[in-house]
Amino acid sequence: MRVLAGERLDKPPIWIMRQAGRYLPEYRELRARAASFMDFCYTPAMAAEATLQPIRRYGLDAAILFSDILVVPDALGQQVGFAEGEGPRLPPVTSMAELARLRDEIDLERLGPVFEAIGRVREGLPAETTLLGFCGAPWTVASYMIAGKGTPELAPSRLASYRDPAFLQALIDRLVTASIAYLTRQFHAGVDAVQIFESFAGALPAASLERWSLDPIRRIVSGVRANVPGARIIVFARNAGLGHALVPSTGADAVGLDWSIDGAWAAREVQSQRPVQGNLDPLTVVAGGQAMERGIDEVLARFSGGPHIFNFGHGIVPETPPEHVAALVKRIRGA
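The name given to the protein in an unreviewed UniProt entry is Uroporphyrinogen decarboxylase, with Alsobacter ponti as the source organism. Taken from UniProt, the Subcellular location (unreviewed entry) comment for the protein reads in full: "Cytoplasm". Note on the protein: under the UniProt heading Catalytic activity (unreviewed entry), the record states "uroporphyrinogen III + 4 H(+) = coproporphyrinogen III + 4 CO2".

Right under this line is the structure:
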């Protein structure tokens, strides 16, 4: 929280995207008890336990709520399921008529288990550990809603932006309103800060980035702060290239950087405006050893001149040995 307020620390705080997940044996054991992934997300005791597991194991500086970005379309009335080993499956929404069948406003009662999980985590979290909530950015969530699944190069949503921009704008607008309500309730339930995940920013042409990605994020940041003055918000826009220069214009407190971005450029152009978060390549932690140590040291040196939260350039992958994460934390903290 001190870094989000703009403070530079000699040893940056650490958390890891997807830190509660499949690389941990205790997570896999817990997941096996749930009938489905969505049941897992909507069972407060399980979601809270998954959130706390990496904190107990590694003593990370922030816990991020275990949930999924697709609880938002689920709470708008679009049925969400997960095919084992294949990812999410939704009945596609591709027109104004299909959008009209969804709720105008998010059903926060449907998301009650998520807010209960936040309360449970809050009770079990060390006082010095930040609790992060999150949501997906409208463009990323809309892409799943339109295609009904993850798709290469996001062709269905990109086609929608060309063929029927009025439909896409209406869907984006609904997601902006829903995300403001959802994040506001997360703050009221007990999170300290939130991250907005724009995982698919890199699929957008530069000319479209402002309309479909940055402007909706800006509206969410503004709307949440109208309800929660001073709310701390991180924006992570994957593969947005020079779009990272624009991300500070969203009003977010910090900018998450993916591993592909030029670090020297980001330190000069982005960190000079906002705290930054990232940006170790997750595969260096799978490799471990000297490759991981070299990657860690490069990130630490690159962003040592300003406020920095150590994280990966995207989520930790399931193949990551847990002992490599322990070694990473030890090296960053100099223990």
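Chemist: Let's hear about the sheet that holds strand E6 (residues 232–237): which residues, and what values?
Modeler: What the seven strands build is an open sheet, ordered E1-E4-E5-E6-E7-E8-E9; its pairing is parallel. Edge strands, defined here as strands with exactly one partner in the open sheet, are strand E1 (62–64) and strand E9 (308–312). The sheet shows a mean angle of 25° between the axes of neighbouring strands, taken without regard to direction. Relative to strand E5 (residues 193–198), strand E4 (residues 130–136) is paired through five bridges, and the arrangement is parallel. Paired with Gly133 across the strands is Val194, a residue of E5.

Chemist: Hey, could you go over the nonpolar core for me, with residue numbers and the actual values?
Modeler: Counting 120 residues, the largest nonpolar core has Phe66, Leu111, Tyr182, Ile196 and Leu328 as its most contacted members. If you tally residues by element for this core, the top one is helix H9 (residues 165–189), at eleven residues. Sequence-distant contacts of Tyr182, that is, excluding residues within four places in its chain, are made with Ser67, Val71, Val72, Ile106, Leu108, Leu111, Val114, Phe115, Phe134 and Cys135.

Chemist: For the UniProt feature "site: Transition state stabilizer" (unreviewed entry) in the protein, give the residues involved together with the corresponding values.
Modeler: When the UniProt feature table is mapped to this numbering, "site: Transition state stabilizer" (unreviewed entry) covers Asp68. Summarising the element assignment, Asp68 is placed in the loop between E1 and helix H4 (71–75). By relative accessible area, which is 17% here, Asp68 ends up buried. Every residue in contact with Asp68, bar those within four places of it in the chain, is listed here: Phe37, Cys41, Phe82 and Phe134.

The rules behind the values
All chains use their own residue numbering, which begins from 1 and follows the written sequence. Local features in this predicted model are restricted to residues of pLDDT 70 or higher, and side-chain atom pairs are both shown and tallied only at a pLDDT of 80 or more, whereas totals for entire chains, interfaces and linings draw on every residue. In computing side-chain properties, one takes all heavy atoms of the structure into account and sets aside hydrogens as well as water. UniProt positions are given in the numbering used here, feature names are shortened, and annotations may be inferred rather than shown by experiment. Only strands that DSSP links by at least two bridges are regarded as paired with each other. Numbering of helices and strands runs from the N terminus, with a helix taken as a DSSP run of H or I at least four residues long and a strand as a DSSP run of E at least two residues long. Every angle, taken between N-to-C directions, lies between 0 and 180 degrees, and every axis is a line fitted to C-alpha atoms, over only the stretch in contact when it is a helix. Throughout, nonpolar core names a set of buried Ala, Val, Leu, Ile, Met, Phe, Trp, Tyr and Cys residues whose side chains join them through atoms within 4.5 Å. Burial classes: relative accessible area under 20% of the type maximum marks a residue as buried, over 50% as exposed, and values in between as partly exposed (1.4 Å probe, protein chains only). It only takes one pair of heavy atoms within 4.5 Å for two residues to be counted as in contact.

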